[in-house]
Protein chains: 2
Amino acid sequence: MIIERALAERLDAADPLAAFRDRFALGGDDQLIYLDGNSLGRPPKATLERLRALFEEEWQGRLIRGWAEWIELARRAGDVIAGGVVEARPGEVVVSDSTTVNLYKLAVAALDARPGRTVIVTDDDNFPTDQYVFAGLAEARGLRVRKIRTDIDAGVSLADVSAALDDTVALVSLSHVAYRSGAIADMAGITAAAHEAGALVLWDLSHSAGSVPVPLNSANVDLAVGCTYKHLNGGPGAPAFLYVREDLHTQLRQPIWGWFGQRDQFEMGNDYQPADSIERFLVGTPPVPGLYGALEGAGITAEAGIDAIYAKAQSLTELMVTLHDAWLAPLGFTLASPRDAAQRGAHVTLHHKQAWQVCQAWQARGVIPDFRTPERLRIGPAPLYTRHTDVYDGFARLRDLVAAGEHDAFPAERARVT
Amino acid sequence: MIIERALAERLDAADPLAAFRDRFALGGDDQLIYLDGNSLGRPPKATLERLRALFEEEWQGRLIRGWAEWIELARRAGDVIAGGVVEARPGEVVVSDSTTVNLYKLAVAALDARPGRTVIVTDDDNFPTDQYVFAGLAEARGLRVRKIRTDIDAGVSLADVSAALDDTVALVSLSHVAYRSGAIADMAGITAAAHEAGALVLWDLSHSAGSVPVPLNSANVDLAVGCTYKHLNGGPGAPAFLYVREDLHTQLRQPIWGWFGQRDQFEMGNDYQPADSIERFLVGTPPVPGLYGALEGAGITAEAGIDAIYAKAQSLTELMVTLHDAWLAPLGFTLASPRDAAQRGAHVTLHHKQAWQVCQAWQARGVIPDFRTPERLRIGPAPLYTRHTDVYDGFARLRDLVAAGEHDAFPAERARVT
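Every value quoted in this text rests on a predicted model; they were computed, and no experiment measured them.

(A) View of the sheet that holds strand 10 (residues 348-351) of chain A. Residue and element names in this part refer to chain A. Strand order in the open sheet formed by 4 strands is 9-10-13-12, with antiparallel pairing between adjacent strands. Across the chains shown, the open sheet's two edge strands, defined by having one partner strand only, are strand 9 (334-335) and strand 12 (370-372). Here 3 bridges tie strand 12 to strand 13 (residues 376-379), and the two strands are oriented antiparallel to one another. Within the sheet, the bridge partner assigned to Phe371 lies in strand 13 and is Leu377. Strand contacts of helix 11 (residues 355-364): strand 12 and strand 13, with the helix running at about 45° to strand 13, the strand carrying the most contacts.

(B) Fine view of the domain arrangement of chain A. Residue and element names in this part refer to chain A. Here the domain parsing of chain A yields domain 1 (5-43 + 305-409) and domain 2 (71-304). Across the contact, 34 residues belong to domain 1 and 29 residues belong to domain 2. Summing both sides of the interface, domain 1 and domain 2 together bury roughly 2,500 Å²; the carbon and sulfur share of this comes to 56%. The interface formed by domain 1 and domain 2 contains 2 salt bridges. The shortest N-O distance in the salt bridge between Arg23 and Glu303 comes to 2.8 Å. For the interface between domain 1 and domain 2, the tally reads 17 residue pairs in polar contact (both at pLDDT 80 or more). Put simply, the parts of the chain that give the side of domain 1 that touches domain 2 at least two residues each are helix 10 (306-328) and strand 13. For the side of domain 1 that touches domain 2, the leading source of residues is helix 10, giving 6 residues.

(C) Spotlight on the nonpolar core. Ranked by size, the top nonpolar core spans 226 residues in total, and within it Val172 of chain A together with Val172 of chain B carry the most contacts. Sequence-distant contacts of Val172 of chain B, defined by excluding residues within four places in its chain, comprise Val121, Val161, Leu165, Ile190, Ala194, Ala199, Leu200, Val201 and Leu202 of chain B.

(D) Molecular detail of the interface of chain B and chain A. Counting residues at the interface gives 79 residues for chain B and 78 residues for chain A. Three residues, Trp59, Tyr132 and Trp257 of chain B, lead the burial of chain B against chain A; their summed loss comes to 13% of the area buried on that side. At the surface where chain B touches chain A, the tally comes to 2 salt bridges. Ionic pairing is found between Glu267 of chain B and Arg414 of chain A, a salt bridge with its closest N-O pair at 2.9 Å. At the surface where chain B touches chain A, the tally comes to 25 residue pairs in polar contact (both at pLDDT 80 or more). Of all the secondary structure elements, the ones that give two or more residues to the side of chain B that touches chain A are helix 2 (45-62), helix 3 (67-70), helix 5 (99-112), helix 6 (128-141) and helix 9 (288-304) of chain B.

(E) Fine view of helix 2 (residues 45-62) of chain A. Considering bend angle alone, the principal kink of helix 2 of chain A is centred on Leu54 of chain A and spans about 35°. For helix 2 of chain A, the full list of buried residues reads Thr47, Leu48, Arg50, Leu51, Ala53, Leu54, Phe55, Glu58, Trp59 and Gln60 of chain A.

(F) Expanded view of the UniProt feature "binding site: pyridoxal 5'-phosphate" (unreviewed entry) in chain A. Mapped onto this numbering, the UniProt entry gives "binding site: pyridoxal 5'-phosphate" (unreviewed entry) at Thr99, Thr100, Phe127, Pro128, Thr129, Asp130, Asp204, His207, Tyr229, Trp259 and Thr285 of chain A. The greatest C-alpha distance among the annotated residues, which extend across 187 residues, is 30.2 Å, indicating that they are dispersed rather than converging on a single site. Overall, the relative accessible area of 12% leaves Thr99 of chain A in the buried class. Apart from residues no more than four positions distant in its own chain, Thr99 of chain A is found in contact with Asp204, Ser206, Val225, Gly226, Cys227 and Ala240 of chain A. By secondary structure assignment, the location of Tyr229 of chain A is in the loop between strand 7 (223-226) and strand 8 (241-244). With a relative accessible area of 10%, Tyr229 of chain A lands in the buried category. Ignoring any residue separated from it by four or fewer positions in sequence, one finds Tyr229 of chain A in contact with Ser39, Leu40, Gly41, Gly234, Gly235, Gly237 and Ala238 of chain A together with Trp259 and Thr285 of chain B.

(G) Quick peek at unusual backbone geometry. All names here are of chain A. Cis rather than trans, the peptide bond between Thr373 and Pro374 has omega equal to -15°. Tracing the backbone shows Pro374 in the loop between strand 12 and strand 13. Within the chain, Asp97 stands out as a residue other than glycine whose phi angle is a positive 55°. You can see Asp97 is positioned in the loop between strand 2 (93-95) and helix 5 (99-112).

(H) Region of the structure containing the environment of Ser208 of chain A. All names here are of chain A. Examined against the element boundaries, Ser208 turns out to sit in the loop between strand 6 (200-204) and strand 7. Residues Ser208 and Ala238, spaced 30 residues apart in sequence, show a C-alpha to C-alpha distance of 16 Å. In contact with Ser208, other than residues within four places in its own chain, are His176, Val177 and Val214.

(I) Spatial organisation of the pairing of strand 5 (residues 169-175) of chain B. Residue and element names in this part refer to chain B. Buried residues dominate strand 5, accounting for 7 of its 7 residues. Relative to strand 5, strand 3 (residues 119-123) runs parallel, the two sharing 3 bridges. In the strand pairing of strand 5, Ile120 is matched with Leu171. Pairing of strand 5 with strand 6 (residues 200-204), which is carried by 5 bridges, proceeds in the parallel orientation. The residue of strand 6 that forms the bridge with Leu174 is Trp203.

(J) Inspection of the side chain of Thr386 of chain B at higher detail. Residue and element names in this part refer to chain B. Along the chain, Thr386 falls in the loop between strand 13 (376-379) and helix 12 (388-403). Taking the relative accessible area as the measure of exposure, Thr386 reaches 2% and is therefore buried. Of note is the side chain of Thr386, whose polar atom sits 2.8 Å from the backbone oxygen of Ala382.

(K) The relation of the copies chain B and chain A, seen in detail. Relative to chain A, chain B is turned by 180° and slid 0.0 Å along the rotation axis, the superposed coordinates differing by an RMSD of 0.0 Å. Viewed as a symmetry operation, the transformation between the two copies matches a two-fold axis. Both copies contact each other with a shared surface, as 99% of the interface residues of chain B are interface residues in chain A too.

(L) The pattern of salt bridges, seen in detail. All names here are of chain A. Under the criterion given, the structure shown has 64 salt bridges over all chains. Across the salt bridge formed by Arg75 and Asp79, the nearest N and O atoms sit 3.5 Å from each other. Of the two residues, Arg75 and Asp79 both sit in helix 4 (residues 73-84), 4 residues apart, roughly one turn of that helix. Overlapping salt bridges bring together Arg50, Glu58, Glu69 and Arg76 as one network.

(M) Up close: the packing of helix 1 (residues 5-13) of chain A against helix 12 (residues 388-403) of chain A. All names here are of chain A. Look at helix 1 against helix 12: their axes get within 7 Å of each other, and the N-to-C directions meet at 155°. By the angle class used here, helix 1 and helix 12 are roughly antiparallel. In this structure, helix 1 contributes Arg5, Ala8, Glu9, Leu11 and Asp12 to the contact, and helix 12 contributes His388, Thr389, Tyr392 and Asp393. Here the contact of helix 1 with helix 12 is composed, by residue class, of 3 nonpolar, 2 polar and 4 charged.

(N) Quick look at the UniProt feature "modified residue: N6-(pyridoxal phosphate)lysine" (unreviewed entry) in chain A. Residues and elements named next belong to chain A. As annotated by UniProt and renumbered to match this structure, "modified residue: N6-(pyridoxal phosphate)lysine" (unreviewed entry) occupies Lys230. Secondary-structure assignment places Lys230 in the loop between strand 7 and strand 8. Setting aside its immediate chain neighbours within four residues, Lys230 contacts Gly37, Asn38, Ser39, Gly41, Ser206 and His207. Within the local environment of Lys230, its side chain forms a polar contact with the backbone oxygen of Asn38, the two atoms lying 3.5 Å apart.

(O) Local environment of the sheet that holds strand 13 of chain B. Residue and element names in this part refer to chain B. As summarised here, the arrangement of the 4 strands in space is 9-10-13-12, forming an open sheet in which the pairing is antiparallel. Each edge of the sheet is formed by a strand with only one pairing partner; in this case those strands are strand 9 (334-335) and strand 12 (370-372). Bridge count between strand 9 and strand 10 (residues 348-351): 2 bridges; the pairing is antiparallel. In the sheet register, Thr334 faces strand 10, and the bridge partner there is His351. Sheet strands in contact with helix 10 (residues 306-328) are strand 9, strand 10 and strand 13, and its direction is about 15° off that of strand 10.

Rules of the game
Residues numbered from 1 in each chain as written. Chains lettered and ligands numbered in written order. Predicted model: local features only at pLDDT ≥ 70, side-chain atom pairs only at ≥ 80, totals over all residues. Heavy atoms only, no water. Pairing = 2+ DSSP bridges. Helix = DSSP H or I, 4+ residues; strand = E, 2+ residues; numbered from the N terminus. Contact = heavy atoms within 4.5 Å. Axes fitted to C-alpha atoms, helices over the stretch in contact; angles between N-to-C directions. Domains from an automatic or database assignment. Buried area = accessible area lost by both parts, 1.4 Å probe. Salt bridge = Lys/Arg side-chain N within 4 Å of Asp/Glu carboxyl O. Polar contact = N/O pair within 3.5 Å; in protein donor to acceptor, adjacent residues only side chain to side chain. Core = buried A, V, L, I, M, F, W, Y, C linked by side-chain atoms within 4.5 Å. Buried < 20%, exposed > 50% of the residue type's maximum accessible area, 1.4 Å probe, protein only. Bend = angle between axes of the 7 residues up to and from the residue. UniProt positions renumbered as here; feature names shortened; annotations may be inferred. Least-squares fit on C-alpha atoms with pLDDT ≥ 70 in both. Parallel < 35°, antiparallel > 145°, perpendicular 65-115°, else oblique. Nonpolar A, V, L, I, M, F, W, Y, C, P; charged D, E, K, R; others polar.

Structure representation (structure tokens):
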């Protein structure tokens, strides 16, 4: 089947977000096609300028006095996320720690709020660090993790979650967009079912924040965590964010009592009095460069608008599915993501039995995807800076290299993969 | 009493570390005297260049491929600290999270290793976040915190710690250098006494790492945490480090199970298998800018040598005590730090009943100290870039402004203080 490049060009010409590409620093390699913005987003130019000022001016010139501004960043970045990235009220989101540490803090807070209940529900395709956190908590507290068995290409269903619920369940925690397949879970339906069973819910938004609408308020979500270095373009290792619905702020306590969660922090009192606000879920001194990265990155997403970003994500992934069907399926690829665009986030995963070799060969051809076990290419065309022609050209290179057998020349055995 | 500036000039001329001042970016304000490097160290020039490369080249150009190097940074920075900042073996230190999160992780690991014991010993002048962590753990686990009552100007004594020990004590945790007075605790004596009682010890090195020798190995210390943004000059919010004695690596487990603590992290297995090494005390994705800050900052400290740094710290603080006695004591100041240089870290604290007003007036005169409750100026002349003449000139300004009553014009009520 012939698909003309002109199709991709027409889609780009009609793209309302096209101008945002120029807001990012794209490096010097014009031939490089980056399809892994869902692992590490590209740097916004504004962020690079902000970090230059932080290091060259504020740290150097303001020194300790810089904290007069830095102390507010966790909340400022949180409010930008609450207003423009996820559906949340001001004061319900704060940027802090890593996703894993935030999962731990909020999971403990939830479990403490459901004494006597003995089960954590998650799914066996949830991101590994989520599964590890819950395993650790189960062991420490004598609980059980009930893992829903999930089709790794289709995602977790409301029916499967409902079947796992009963009055022993304290907490339900799932990823909103599956890290492997990109499948979107039914946030509203699952949250309602969990509440019906008397459980609290904790959503991991790592792959949905900045890529798809996240209806935290309208779904009445209790708790959530998310990542800022993927679709929010916060930079390598930028801190995570956490969300706690406002009526829960004073009901819940997180376990790591630290000075950034303390009311009147700089009074240096000896007794812990948690703040009444979202700040009670903070712990220690935050990484200032990463806070600026999160703030600026979330700001660009908010400016573009999550609905527009999601619409473009659907357009880009739809093109990928079309090209897969036309070019790649005959070469041994299968789609390992939902075929229905409404069920997908902003990335698509393809299975190939030599996926690791194909991944290396594709990189050698100047395209950067992600490899994921088992034998999958995870391909994320970040909507803010990826063109339809990038997808077209990248997939053409993939088709050509596999048709030519170039991947057979690369090692089948994986060394450490990031 | 007349003390000539020539004294300070002679000390600077003989200073073997004098050349290190040029390794730091000192900003454009030649008149500014910075005496708060113990809260936030100045930027090393090498760090600014490294961060520029990280943001402008690696993030922008290497993108996700940058992780091939970044993934090793937590351990590389840890090994620099282990080799050149604290006395520890390679593989016993890693950079991770905030000091507070690390305190929590290691305290839980220690408490789990002493089942049946019900007491955590600390002191009531320990840094507030340490006290909060232990209060939270005591509440969660039904334990008791036994707080030694400490003279806030003299620090905690071995005798006081020994009196608090018995066979109910699971963990003893103290600061090596007291955050307020700068008093150095007897690490070897207290660790031995704790071990004698069957307890584990966890030292907070936030104010000692990079300022005084830290004999972790020769004192047979079990556990420690420390800060990299103070004397190690890692930058605002740079991550903390943690130390675990190597024979304890496989005996202890920390509670926050995450993918960076997992053996074969990128196999993405569903079951948590902690690494056998110091990496098992890691949790989630680390803040890459801060890791570079810690790495470069620790490197300069290691190059200068901690014994030389400590010798200069003693010389600088000795000059401060001399100037205090001569100039400031008659103006209502008292020394709120040990008078014996061997008992002090790299900062000195002065009490004045209008300390907050004096602090503001001193800043207006171009000198930056730190304010600490109750009514104290904390003054840290970081040895790597502070000259004896800086101390002399800064104290002269302090003497003159208080003698002139300039501080009376500043608000007595404190707003939020950083």
